[in-house]
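# Geometric and topological summary
The primary structure of each chain is shown beneath.
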Amino acid sequence: MSVPIYPGRGTGRTSLVTGGAGFVGSHLVEHLLDLGDEVVVLDDLSTGSARNLAGVADNPRLTMIHGSILNPTTVGQAMRSCDRVFHLAAAVGVKLIVEQPLRGLRINIHGTENVLTAAIEHQASVLLVSTSEVYGKNTADRLREDSDRVLGDPLLSRWTYAGAKGIDEAFAKAYCDQEGLDVSIVRLFNTVGPRQTGRYGMVLPNLVGQALRNQPLTVFGDGRQTRCFSAVEDVVPAMVAIERDPRARGEAYNLGGAREISILDLAHEIIRTLDSRSTVELVPYERAYAPGFEDMRRRVPDNTKAHALVGYEPHTSLTSTIMRVAADLLSRERLGSDAMPLAGAATFRGVV
Ligand code: UDP
């Protein structure tokens with residue numbers, strides 16, 4: 001096992017970003033580097049990609065470690081010189097969770113506990129990145145942080161993600177109350193933007209890719225289920241501001257989009273925005289996922305709490321996000337498959 005050498009501290013803080021090669025993680029890493037932080041990325045590159053960090057690979061304040069949060073030794077090494085941790089590493093994507101529930105449970109529960117206990121040992125603060133999935137089937141007009149959770153049968157793999165993330169939050173709170181861990185929690189709603197991949201089922205990059213190829217847009221169910229999409233560039237600065245704020249300790253904050261839209265309307269908006277010749281195809285859930293699959297009919301955040309704390313306000317329009325995602329997909333298509341490391345892209349060391 002090679003031990004990574006950390007760069008000397010700059011004027012900023014030293015942040016560990018688990019899952020830093022993922023979609024949201026890579027945007028966060030760029031933002032933290034812009035703020036002047038030293039940044040250590042720990043990623044197992046299972047769903048993330050070194051290519052996501054290609055733009056900052058040469059930054060001397062960035063260290064990248066290829067390893068898993070399931071290995072406590074790796075987590076401890078990654079955290080050695082860090083004073084705060086952004087914990088994003090997780091098995092995500094409904095499709096992935098339905099297909100590989102055991103992997104998701106292990107990473108999302110055991111991996112997270114490894115990160116939390118290492119943070120206590122190293123006296124680092126933590127921002128736990130959770131999800132709106134924890135609210136489950138609650139179709140409230142606006143989901144507040146203290147809204148009830150409405151989950152289906154725990155034996156259905158579909159609910160294991162919400163179950164595991166709920167346990168993560170409970171662990172974080174218990175470590176905060178009983179062991180003094182400085183932790184705060186954000187619940188991301190459907191976050192979208194460049195570098196998100198449709199490979200694990202996420203609707204926006206999936207539909208944008210289909211529209212660019214003039215293929216039918218696959219809308220699951222009746223398409224009348226709704227979501228509020230938020231742009232990654234609105235969400236990332238709010239995550240950092242919440243982590244910094246001592247009032248956030250032991251608290252959870254929704255970070256979601258402002259506009260509720262049905263998936264059917266989203267499909268039409270994508271076709272219009274990209275001037276595509278695609279049509280829309282309704283695909284039954286049992287064909288899209290698995291027999292007995294239950295979708296969330298509606299998921300609308302109440303962002304009041306994050307607004308009051310750090311002034312969070314989603315302002316990027318869906319149209320501009322669609323255009324940026326399309327440009328990103330086109331550039332990646334030109335450069336080759338997502339999984340293929342680019343020549344000159346970020347290189348990971350410390351393979352564990
Ligand atoms: N969806 C869809 N077509 C796709 C992928 C997803 O209609 O190609 C639907 C999915 O069933 C859900 C919504 O889009 O109702 C959002 O799915 P996603 O997996 O992006 O996020 P979720 O909100 O389910 O976590």
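For the rest of this paragraph, the subject is the overall build of the chain. When helices and strands are counted, the chain shows eleven helices and 13 strands. Its C-alpha atoms give the chain a radius of gyration of 19 Å, within 12% of the compact-globule value 20 Å for 352 residues. The principal-axis extent of the C-alpha atoms belonging to the chain is close to 55 × 45 × 40 Å. Among the 352 residues that make up the chain, the fraction classed as buried is 55%. In the chain, once contacts between residues fewer than 6 apart in sequence are set aside, the share between residues at least 24 apart is 81%. For the chain, the exposed surface amounts to about 14,800 Å²; the carbon and sulfur share of it is 52%. Distance between charge centres in the chain, computed from 37 positive and 41 negative side chains, equals 3 Å.

Every one of the 17 residues lining the ligand counts as a neighbour, but T218, F220, R227, D295 and R299 are closest to it. One of the side-chain nitrogen or oxygen atoms of N190 is found 2.8 Å away from an oxygen atom of the ligand. In isolation the ligand has 520 Å² of accessible area, and contact with the protein removes 94% of it. Secondary-structure elements contributing two or more residues to the shell around the ligand are α6 (203-212) and β8 (217-220). Counting residues per element, the shell around the ligand draws most heavily on β8, at three residues. Of the residues contributing to the shell around the ligand, the split by class is eight nonpolar, five polar and four charged.

Note on placement: S262 falls in strand β12 (residues 260-262). Residue class for S262 comes out buried when judged on its relative accessible area of 12%. A polar side-chain atom of S262 sits 3.0 Å from the main-chain amide nitrogen of D265. Contacts of S262, omitting those with residues within four sequence positions, involve G223, R224, Q225 and T226.

Turning to the sheet that holds strand β6 (residues 183-188), a few remarks are in order. What the seven strands build is an open sheet, ordered β3-β2-β1-β4-β5-β6-β11; its pairing is parallel. Sheet topology places β3 (62-66) and β11 (252-255) at the edges, where each strand pairs with a single neighbour. Ignoring strand direction, the axes of neighbouring strands in this sheet form an average angle of 20°. Pairing between strand β1 (residues 14-18) and strand β4 (residues 84-87): four bridges, direction parallel. Counted as the bridge partner of V17 is F86 from β4. Sitting on the sheet, helix α5 (residues 160-179) is in contact with β5 (125-131), β6 and β11, with an inclination near 155° to β5.

Attention now goes to the environment of H31. Within the secondary structure layout, H31 lies in helix α1 (residues 23-35). Sequence spacing of H31 and I97 is 66 residues, and the spatial spacing of their C-alpha atoms is 29 Å. The contact partners of H31, leaving out residues within four places of it in the chain, are V236, P237 and V240.

Below, the discussion takes up helix α2 (residues 72-79). With six of its eight residues buried, α2 lies for the most part within the structure. Burial in α2 covers these residues: T74, V75, G76, Q77, A78 and M79. The inward-facing, buried residues of α2 contact β1, β2 (38-43), β3, β4 and α4 (101-121). For α2, the capping residue at the N-terminal end is N71, with a side-chain oxygen 2.9 Å from the backbone nitrogen of T73.

Conventions and cut-offs
- Residues numbered from 1 in each chain as written.
- Predicted model: local features only at pLDDT ≥ 70, side-chain atom pairs only at ≥ 80, totals over all residues.
- Heavy atoms only, no water.
- Helix = DSSP H or I, 4+ residues; strand = E, 2+ residues; numbered from the N terminus.
- Rg over C-alpha atoms; globule rule 2.2 N^0.38 Å.
- Buried < 20%, exposed > 50% of the residue type's maximum accessible area, 1.4 Å probe, protein only.
- Contact = heavy atoms within 4.5 Å.
- Areas by Shrake-Rupley, 256 points an atom, 1.4 Å probe, with all protein chains shown as cover.
- Lys, Arg positive; Asp, Glu negative; His and termini not counted.
- Charge placed at Lys NZ, Arg CZ, Asp CG, Glu CD.
- Near = heavy atom within 4 Å.
- Polar contact = N/O pair within 3.5 Å; in protein donor to acceptor, adjacent residues only side chain to side chain.
- Nonpolar A, V, L, I, M, F, W, Y, C, P; charged D, E, K, R; others polar.
- Pairing = 2+ DSSP bridges.
- Axes fitted to C-alpha atoms, helices over the stretch in contact; angles between N-to-C directions.

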